[in-house]
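Architecture at a glance
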Amino acid sequence: MTDGSELARHVLTDLLIKGAIVLAAVLAFVLGAVLLWRKLGR
């Protein structure tokens, strides 16, 4: 069985990975929106 510290480390690692994925998606969306905004000439 896993002890508490190992479980906490697993949960923290999972949270960091998911946070990085969300951050990358948000950055990609913002970059795409800015590029469209410039291409359409506001």
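Before going into details, it helps to say that this report is about the structure given with it.

About the thresholds
- Residues numbered from 1 in each chain as written.
- Predicted model: local features only at pLDDT ≥ 70, side-chain atom pairs only at ≥ 80, totals over all residues.
- Heavy atoms only, no water.
- Salt bridge = Lys/Arg side-chain N within 4 Å of Asp/Glu carboxyl O.
- Helix = DSSP H or I, 4+ residues; strand = E, 2+ residues; numbered from the N terminus.
- Buried < 20%, exposed > 50% of the residue type's maximum accessible area, 1.4 Å probe, protein only.
- Expected span 1.5 Å × (residues − 1).
- Patch = residues over 30% accessible without salt bridge, like charges linked within 9 Å, V, L, I, M, F, W, Y side chains within 5 Å.
- Areas by Shrake-Rupley, 256 points an atom, 1.4 Å probe, with all protein chains shown as cover.

Moving on to the pattern of salt bridges. Tallied over the full model, the rule gives 1 salt bridge. In this structure, Lys18 engages Asp14 in a salt bridge whose closest nitrogen and oxygen atoms are separated by 3.2 Å. Here Lys18 and its partner Asp14 are both found in helix α1 (residues 4-39), 4 residues apart, which amounts to about one turn of the helix. Judged by relative accessible area, which is 49%, Lys18 ranks as partly exposed.

This part covers the environment of Leu7. Assignment of secondary structure puts Leu7 in helix α1. Take Leu7: its relative accessible area is 47%, and that puts it in the partly exposed class. Considered as a pair, Leu7 and Ala33 are 26 residues apart in the sequence and their alpha carbons are 39 Å apart.

Taking 1.5 Å as the rise per residue, α1 with 36 residues should run 52 Å; its terminal C-alpha atoms sit 52 Å apart, in good agreement. The positive-phi residue at the C-terminal boundary of α1 is Gly41, with phi of around 75 degrees.

Attention now goes to a nonpolar patch on the surface. Taken together, Val22, Val26, Phe29, Val30 and Val34 make up a surface patch of nonpolar side chains, about 460 Å² in accessible area. Considering the arrangement of structural elements, one finds Val22 in helix α1. We classify Val22 as exposed; its relative accessible area is 52%.

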